[in-house]
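This is what each chain is made of:
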Amino acid sequence: MSQPDELRAAAAPDGLAPEALAEARAEASTLTSRAAADEAVEADQDAAAAVAAPAPAPKGSLWRDRNFLTLWSGQALSQFGAQITELAIPVLAVLMLDATEWEVGVLNAAQVAAFLVVGLPAGAWIDRMRKRRVMIWADAVRAVALSTLPVLALLGMLQVWHMILVALVMGVATVFFDVSYQSIIPSLVRTNQIAEANGKLQSTYELANIAGPGVGGWLIGVLTAPFAIFATVGTYVASFIALLFTRDHEKLRAPEAHRPLAHEIGEGLRGVFGNPLLRRIVGTTGMANFFGTIAQTLVPIFVLRELGLSPQMFGIVFSLSAVGGLVGAIVTPRIIAWLGEARAIPVSAIAFSLAPFFLPAISLVPALAFPLLVVQGFIMSFTILLYNITQVTFRQRITPPRLLGRMNASIRFVVWGVMPIGALLAGALGTWIGTVPTLWIAATGELFACLFVVIGPFWGMRELPDAHAEHADTHAGAEAAEPGR
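Residues numbered from 1 in each chain as written. Predicted model: local features only at pLDDT ≥ 70, side-chain atom pairs only at ≥ 80, totals over all residues. Heavy atoms only, no water.

### So, the overall build of the protein chain
And step 1. Helix and strand content of the protein chain: 20 helices and 0 strands.
And step 2. Counting only residues that meet the buried cut, the protein chain has 58% of its 485 residues in that class.
And step 3. When the accessible surface of the protein chain is summed, it comes to about 18,800 Å², and 69% of that surface belongs to carbon and sulfur atoms. (Helix = DSSP H or I, 4+ residues; strand = E, 2+ residues; numbered from the N terminus. Buried < 20%, exposed > 50% of the residue type's maximum accessible area, 1.4 Å probe, protein only. Areas by Shrake-Rupley, 256 points an atom, 1.4 Å probe, with all protein chains shown as cover.)

Next up, the structure:
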């Protein structure tokens, strides 16, 4: 499954009835981890002392915010290009270079290995740097690295190990870009616009999911896979330029406020795992990503070799499946208004944990492969969007600005750090027992991923707590832990 860790928008707390917020805060007061209370109080005090309030973004709708629109346009192009490469890379490896299951597993592992290797220190480093500048450099590195693949293909020298090396370089750049990207929104818009900004960015991502693979399949047919990659290079350059013209209101901490790197990494981890709700969300996301990566690693081999679909048809499957994500991004606020923000998390998790069984079942009726692949992808995209929109907005809402980079990096370390392990396991299992049996194993594993949130406190809440509720609960826990105060 395509990482449910990542993104965006839900109904902002400002529109909630006071009674609903009071109920959510009351529920949250019983969930605060006392062991983390002292650290949370210290973090709040440090944030108040070290971080000046960011300058407000222009008032009104984000459609009138030129600064946000500049960032948005660059990311729209970048996301469109990334979808082209997401199709071109497996086609290049599976059909043109005849990669084995193990080589495909190593290639997929290389793409996300950086989240396991440098994910945690990256978050602490990013919290010491201007996030927009980090994103600019990351785009430049990705554009240069990716451009080497079509050049090597033109020279007749391209091999699988070249692709693995480029994937490693791009993976490191993507770690820095993605952690910064998830952390920069609060410095661009007002707090009550975060959900709207995330919703717009995620909707654009889903539009890119729809158009990108279809165009990618056409480009592969016309230009071949290596040269279709040039289109993605151009979109990274466009994102680079847009970021140069974007202005943020981020306030860096003074150098003397920096603590040892290990301490800052630990503070980010405590911020995540000291929150009972975030712990459960990370558990579901990490387990789903692990088994989802096992499946997604072998999907190109399953679809292109075993089912015999062409790259163009494969691209159309991606595009039609992505319609589910677009619909999910549009209707999520209505679903949240109906179910409640908290209950939307276990409901969506149950759905995206059942959908993976469609994939290996397609091998039983290969004549219906195309429509069943589209249905499976639609359900996955829709439910993952509902889940991600809700949980990422919750994370951004409750995290102090100075901890945003470390919070996102800590979560990515867990939920993306398992993915290279899953990719390598997919390559090994695919070689040992075959592609379809491995897909059944992956689907069974994903079924259990939802248990972290299904058996949690989400059903008893309607709305997730906001930052004020979290801080109030933390102070209460700290005072209870120190009866002599």
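### Re the environment of isoleucine 164
And step 1. Structurally, the position occupied by isoleucine 164 is in helix α7 (residues 160-184).
And step 2. Residue class for isoleucine 164 comes out buried when judged on its relative accessible area of 18%.
And step 3. A C-alpha to C-alpha distance of 7.7 Å links isoleucine 164 and glutamine 111, two positions 53 residues apart in sequence.
And step 4. Isoleucine 164 has contacts with Val106, Leu107 and Ala110, leaving out every residue within four places of it along the chain. (Contact = heavy atoms within 4.5 Å.)

### Quick word on the packing of aromatic side chains
And step 1. Taken as a whole and assessed by the stated rule, the structure comprises 6 aromatic pairs.
And step 2. When the centroid spacing of 5.8 Å and the interplanar angle of 35 degrees are considered together, the rings of phenylalanine 68 and tryptophan 72 count as tilted. With phenylalanine 68 and tryptophan 72 both in helix α3 (residues 66-96) and 4 residues apart, this pair spans about one turn of that helix.
And step 3. Both rings, one in phenylalanine 314 and one in phenylalanine 318, keep their centres 4.9 Å apart while their planes meet at 55 degrees; by these two values the pair is tilted. Of the two residues, phenylalanine 314 and phenylalanine 318 both sit in helix α12 (residues 311-339), 4 residues apart, roughly one turn of that helix.
And step 4. When its relative accessible area of 3% is taken as the criterion, phenylalanine 314 is described as buried.
And step 5. A cation sits over an aromatic face here: arginine 142 above phenylalanine 177, 4.3 Å from the ring centre. (Phe/Tyr/Trp six-rings, centres within 6.5 Å; stacked < 30°, edge-to-face > 60°. Lys NZ or Arg CZ within 6 Å of the ring centre and 35° of its normal.)

### Thoughts on the nonpolar core
And step 1. Of all hydrophobic cores here, the largest spans 54 residues; its most connected members are Leu149, Met163, Phe302, Leu359 and Leu373.
And step 2. Residue contributions to this core peak at 10 residues, all from helix α11 (residues 276-306).
And step 3. Among all residues touching leucine 373, those that are not within four sequence positions of it are Val303, Leu307, Leu309, Val317, Ser321, Leu359 and Ile362. (Core = buried A, V, L, I, M, F, W, Y, C linked by side-chain atoms within 4.5 Å.)

### Some words on the pattern of salt bridges
And step 1. Under the definition given, this model contains 3 salt bridges.
And step 2. Two residues, aspartate 139 and arginine 142, come together in a salt bridge whose shortest N-O distance is 2.9 Å. You can see aspartate 139 and its partner arginine 142 sitting in helix α6 (residues 131-154), 3 residues apart, about one turn around the helix. As far as burial versus exposure is concerned, aspartate 139 and arginine 142 are alike and both buried.
And step 3. Here arginine 462 ties to glutamate 463 by a salt bridge, and the two come within 3.4 Å at their closest N and O atoms.
And step 4. Assessed through its relative accessible area of 26%, arginine 462 is described here as partly exposed.
And step 5. The exposure class of glutamate 463 is buried, given its relative accessible area of 5%. (Salt bridge = Lys/Arg side-chain N within 4 Å of Asp/Glu carboxyl O.)

### Topic: unusual backbone geometry
And step 1. Notably, aspartate 98 is not glycine yet its phi reads approximately 55 degrees, a positive angle.
And step 2. Among the structural elements, aspartate 98 can be located in the loop between α3 and α4 (101-117).

### Topic: the packing of helix α13 (residues 341-354) against helix α18 (residues 435-449)
A pair of packed helices can be characterised by two numbers: the angle between their axes and the separation between those axes.
And step 1. Remark: α13 packs on α18, axes separated minimally by 8 Å, with the N-to-C direction vectors making an angle of 170 degrees. As summarised for this structure, α13 and α18 are arranged roughly antiparallel, according to the angle between their axes. Of the residues in α18, those touching α13 at Phe352, Ser353 and Leu354 are Ala443, Glu446, Leu447 and Ala449.
And step 2. Classifying every residue of the contact of α13 with α18 by side-chain character gives 5 nonpolar, 1 polar and 1 charged. (Axes fitted to C-alpha atoms, helices over the stretch in contact; angles between N-to-C directions. Parallel < 35°, antiparallel > 145°, perpendicular 65-115°, else oblique. Nonpolar A, V, L, I, M, F, W, Y, C, P; charged D, E, K, R; others polar.)

### Considering a nonpolar patch on the surface
And step 1. A surface patch of nonpolar side chains, amounting to about 680 Å² of accessible area, comprises Val347, Ile350, Leu354, Leu447, Phe448, Leu451, Ile455 and Trp459.
And step 2. For the nonpolar patch, the secondary-structure elements that each account for two or more residues are α13 and α18.
And step 3. Take the nonpolar patch: its biggest share by element is 3 residues, from α13.
And step 4. Examined against the element boundaries, isoleucine 350 turns out to sit in helix α13.
And step 5. In this structure isoleucine 350 comes out as partly exposed when scored by relative accessible area, which is 32%. (Patch = residues over 30% accessible without salt bridge, like charges linked within 9 Å, V, L, I, M, F, W, Y side chains within 5 Å.)

### Thoughts on the confidence of the model for the protein chain
And step 1. Scored by pLDDT, the protein chain comes out at a mean of 77, with 77% of its residues at no less than 70.
And step 2. Between residues 1-58, whose pLDDT stays under 50, and residues either more than four places distant or in other chains, the model counts 148 contacts. (pLDDT = per-residue confidence, 0-100.)

### Digging into the side chain of glutamate 463
And step 1. Take glutamate 463: it is sitting in the loop between α19 (451-454) and α20 (467-481).
And step 2. Among the polar contacts listed, one links the side chain of glutamate 463 to the backbone nitrogen of glutamate 341, at a separation of 3.4 Å.
And step 3. In this structure the side chain of glutamate 463 is engaged in a polar contact, spanning 3.4 Å, whose partner is the side chain of arginine 462. (Polar contact = N/O pair within 3.5 Å; in protein donor to acceptor, adjacent residues only side chain to side chain.)

### With respect to the environment of valine 179
And step 1. When you line up the elements, valine 179 lands in helix α7.
And step 2. Look at valine 179 and you get buried, because its relative accessible area is 1%.
And step 3. For valine 179 and serine 410, which are 231 residues apart along the polypeptide, the C-alpha to C-alpha distance reads 9.6 Å.

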